[in-house]
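Overview (structure and organization)
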Amino acid sequence: MLKHRLITGTILLLLTIAAVMFLPIPYFIGVVSVVMLLAAWEWARLIAYQRWVTRLGYVVLVGVVMILEWYAPILPVLFATLVWWFIACYWIVNYPGAKQVWSNGVWVRGIMGILVLVPAWLSLNVIRYAEQGRALTFFLFILVWASDIGAYFIGKAWGKHPLASSVSPKKTIEGLVGGFLCALLVAWIASMMGIFSPINGSMIIALGAVVSLFAIVGDLFESMAKRSVGVKDTGHYLPGHGGLLDRIDSLLAAAPIFLLGLILLN
């Protein structure tokens with residue numbers, strides 16, 4: 001399992017680096033759009049859409065919302081997304097008491113998917129489009145990767161105290177701390193390199209810390225969504241990782257918060 005996870009992770013890492021380094025912005029937006037629409041296909045399964053026609057309809061709906069949101073004012077979208085992730089955090093903390101929210105109907109779960117996927121799609125494209133876009137995109141990815149990898153290996157080695165046992169029994173407080181510290185290390189190195197001037201180095205570290213915490217919330221929220229409908233993985237085509245949503249869940253929460261932080265800092 002670990003072998004498959006490492007091989008798949010390495011391939012995905014190389015593809016991601018190639019996309020950020022070599023793809024012109026329009027093509028990068030196209031790739032991110034395909035990824036998010038595939039994730040929408042997986043989310044349709046969490047909604048309990050089983051027929052391919054219904055799932056395809058949900059993918060089309062997400063695509064339409066993407067287009068509409070591209071022309072919306074960016075700050076209101078990001079602040080609304082921030083509020084949404086705080087609400088999601090509240091549900092995670094109160095699970096399974098908050099499980100009834102998930103069972104309120106397919107339309108509720110459908111809206112949740114849009115709130116998770118579309119702001120992340122917008123944020124990744126805006127970050128890449130910005131000045132120093134490649135460096136900022138890599139910084140975001142490395143923050144999320146460091147948080148995920150640190151949490152996984154440190155939690156596996158030393159994890160004893162459950163973080164949110166009703167949502168994800170394998171995640172531990174030790175893993176959370178390990179992932180958080182790894183992300184802080186990445187942010188500290190970036191601040192020492194001074195590549196994001198004129199943003200103050202301490203602000204970069206603070207931004208890295210906040211993004212790391214939201215990445216954990218994104219991971220836990222997807223775990224809660226899967227547990228609510230009795231699904232272990234959102235897909236089976238990424239050996240060792242499950243589906244696409246299982247691989248990008250942390251990034252979905254981290255990207256909008258990262259972009260909001262960049263705008264507020266600079």
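1. Examining helix H10 (residues 244–265)
Counted at 1.5 Å a residue, the expected span for H10 with its 22 residues is 32 Å, and the 31 Å between its end C-alpha atoms agrees. Largest kink in H10: about 30 degrees, centred on serine 250. Counting buried residues in H10 gives 18 out of 22 residues, a clear majority hidden from the surface.

2. As for the confidence of the model for the protein chain
Low-pLDDT portions of the prediction should not be read for the details of their coordinates. Summary statistics for the protein chain give a mean pLDDT of 87 and a share of 91% for residues scoring 70 or more. Element-level pLDDT for the protein chain is lowest in helix H5 (residues 99–102), with a mean of 68, against a maximum mean of 94 in helix H4 (residues 74–93).

3. Looking at the nonpolar core
Core analysis: the largest hydrophobic core is formed by 75 residues, its most contacted members being Met36, Trp43, Leu140, Phe221 and Phe258. When residues in this core are grouped by element, the largest group, twelve residues, is from H10. When sequence neighbours within four positions are dropped, the list of residues in contact with methionine 36 reads Met66, Leu117, Ala120, Trp121, Leu124, Ile248 and Leu252.

4. Notes on the layout of surface pockets
Reported here for the second largest pocket is a volume of approximately 960 Å³. Elements supplying a minimum of two residues to the lining of the second largest pocket: helix H1 (2–22), helix H2 (25–47), helix H7 (133–158) and H10. With eleven residues, the top contributor of residues to the lining of the second largest pocket is H1. Residues of the lining of the second largest pocket, tallied by class, amount to 24 nonpolar, five polar and three charged.

Parameters at a glance
Along every chain, residues carry numbers that run from 1 in the direction the sequence is written. Totals for whole chains, interfaces and linings use all residues, but because this is a predicted model, local features are given only for residues with pLDDT of at least 70 and pairs of side-chain atoms are given and counted only at 80 or more. Neither water nor hydrogens contribute to the side-chain values; these are computed over all heavy atoms in the structure. Strands here mean DSSP runs of E at least two residues long; helices mean DSSP runs of H or I at least four residues long; both are numbered from the N terminus. To estimate how far a helix should reach, multiply one less than its number of residues by 1.5 Å. Bend at a given residue is defined as the angle between two axes, one fitted to the seven residues that end at that position and one fitted to the seven that begin there. The cut-offs for exposure are 20% and 50% of the maximum accessible area for each residue type, with area from a 1.4 Å probe on protein chains only; residues under the lower value are buried, those over the upper are exposed, and the others partly exposed. Per residue, pLDDT captures the predictor's confidence, and it can take any value from 0 to 100. Here, nonpolar core refers to any group of buried Ala, Val, Leu, Ile, Met, Phe, Trp, Tyr and Cys residues whose side-chain atoms link them within 4.5 Å. Contacts are assigned to residue pairs with any non-hydrogen atoms lying within 4.5 Å of each other. A 1.4 Å probe that fits into a set of points on a 1 Å grid over the protein atoms alone but cannot get out defines a cavity; an open set with protein on both sides within 12 Å along at least five of seven lines defines a pocket, and lining residues are those with an atom within 4 Å of a point. Grid points are joined across faces, edges and corners, and a volume is the space filled by probe spheres set on the points. Polar here means any residue other than Ala, Val, Leu, Ile, Met, Phe, Trp, Tyr, Cys and Pro, which are nonpolar, and Asp, Glu, Lys and Arg, which are charged; Gly is therefore polar.

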